[in-house]
Amino acid sequence: MAAGQQLKLLRNRRNITVREVEQASRRIADAKSDKRYKISNGWLTQLENGVSEPNICKLFSLSVIYHVNLSDLLRLYDIDVDNKEQYESVANPHLTQLLASGSSAHARCDLGGSIARTCLVSELATPESWSSAPCSNGNPSITHGYLGSTDRTMYPLIRPGALLDIDTSQNKLQTGSWHDEFDRPIYFVELRAAYACGWCELQGKQLLIIPHQSSATGVRGFTYPRDAEIVGRVVGYHTRCVDLKYETVARR
């Protein structure tokens, strides 16, 4: 339903005529000593018919007269004051910024420690914010994973609580050599009842998940493809550079 029609519906629910809206708005304008808050019946009719553009002062008067929040009227015109933080980095990409806790970018970077298991982001309850994850670049093959707070398989290269960009088009193990640990492919693996993330090797029918040599985690083997399936290759990750537990101790 168009915004103007929704405004008309609000007025009708209050059983108020456009003439009565004009009279009420005149009283508000007089109280504020500001004519911008006055609504003519002609302007309101045009607004409801989608001819006139909304005006912030007049919308304020309507919010008072209709007994609704001004923010709710703004949302009729696709203006949500509660999500303005997510556009700060768009408006000022050259600035280093603190992101508000409600913004989508902050949500992507601050799940660490809150979820113990490794999982696909699509399984989380939080999420329209994930659709704009940094490394997607509009690629439909990219999905996103979360490394559980107890999953130290790739520590310290990828720390628990990291957010992962996964290319699902790369769901076959690469064979060959690599130059270093950064060049070696990392895979996100579905284990039927859980997920895992790590370097992988296939030995016969056994898929081996190889941990980072510094992680103090052992190699795990699963029957492939019955008990393990490769979701895709990890092509990006967003991880802390400081462990939460050490960060907490340092602040004491």
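Procedures and definitions
Residues numbered from 1 in each chain as written. Predicted model: local features only at pLDDT ≥ 70, side-chain atom pairs only at ≥ 80, totals over all residues. Heavy atoms only, no water. Salt bridge = Lys/Arg side-chain N within 4 Å of Asp/Glu carboxyl O. Helix = DSSP H or I, 4+ residues; strand = E, 2+ residues; numbered from the N terminus. Buried < 20%, exposed > 50% of the residue type's maximum accessible area, 1.4 Å probe, protein only. Core = buried A, V, L, I, M, F, W, Y, C linked by side-chain atoms within 4.5 Å. Contact = heavy atoms within 4.5 Å. Lys, Arg positive; Asp, Glu negative; His and termini not counted. Arc of directions from axis to C-beta. Pairing = 2+ DSSP bridges.

A. Structural detail: the pattern of salt bridges. Under the criterion given, the structure shown has nine salt bridges. With a closest N to O distance of 2.7 Å, Glu48 and Arg11 form a salt bridge. Of the two residues, Glu48 is situated in helix 3 (residues 41-48) and Arg11 in helix 1 (residues 3-13); the sequence distance between them amounts to 37 residues. Judged by relative accessible area, Glu48 falls into the buried class, the value being 7%. Taking relative accessible area as the criterion, Arg11 reaches 8% and is therefore assigned buried. Notably, a salt bridge pairs Asp72 with Arg75, separated by 2.9 Å at the nearest N-O pair. Taken together, the residues span about one helical turn, with Asp72 and Arg75 both in helix 5 (residues 70-75) at a distance of three residues. If you follow the salt bridges from partner to partner, you end up with Arg19, Glu22 and Lys38 in one network.

B. Layout of the nonpolar core. Counting 20 residues, the largest nonpolar core has Val21, Leu44, Leu62 and Ile65 as its most contacted members. Of all the secondary-structure elements, those providing two or more residues to this core are helix 1, helix 2 (18-32), helix 3, helix 4 (56-66) and helix 5. With five residues, helix 4 is the largest single contributor of residues to this core. For Leu44, the residues in contact, after removing those within four places along its chain, are Arg11, Val18, Val21, Ile39, Leu62 and Tyr66. Of all hydrophobic cores here, the second largest spans 16 residues; its members include Leu157, Ile158, Ile186 and Leu208.

C. Spatial organisation of the side chain of Arg233. You can see Arg233 is positioned in strand 8 (residues 229-238). No salt bridge is formed by the buried Arg233. Its closest oppositely charged neighbour is Asp183, at 5.3 Å. Residues in contact with Arg233, not counting those within four places in the same chain, are Asp165, Ile166, Asp167, Gln170, Gln174, Asp183, Pro185, Ile186 and Tyr187.

D. Structural view of helix 3. Those residues of helix 3 that fall on the buried side of the exposure criterion are Trp43, Leu44, Leu47 and Glu48. Each buried residue of helix 3 lies within a common arc of 135° when the element is viewed along its axis, so the set occupies one face. Those residues of helix 3 that are buried are in contact with helix 1, helix 2 and helix 4.

E. Geometry of the pairing of strand 8. With five bridges joining them, strand 3 (residues 163-167) and strand 8 adopt antiparallel strand pairing. Bridging across to strand 8, Leu164 finds its partner in Tyr237. As judged from the four bridges shared by strand 4 (residues 187-190) and strand 8, these two strands associate in the antiparallel manner. Bridged to Phe188 within strand 8 is Gly232.

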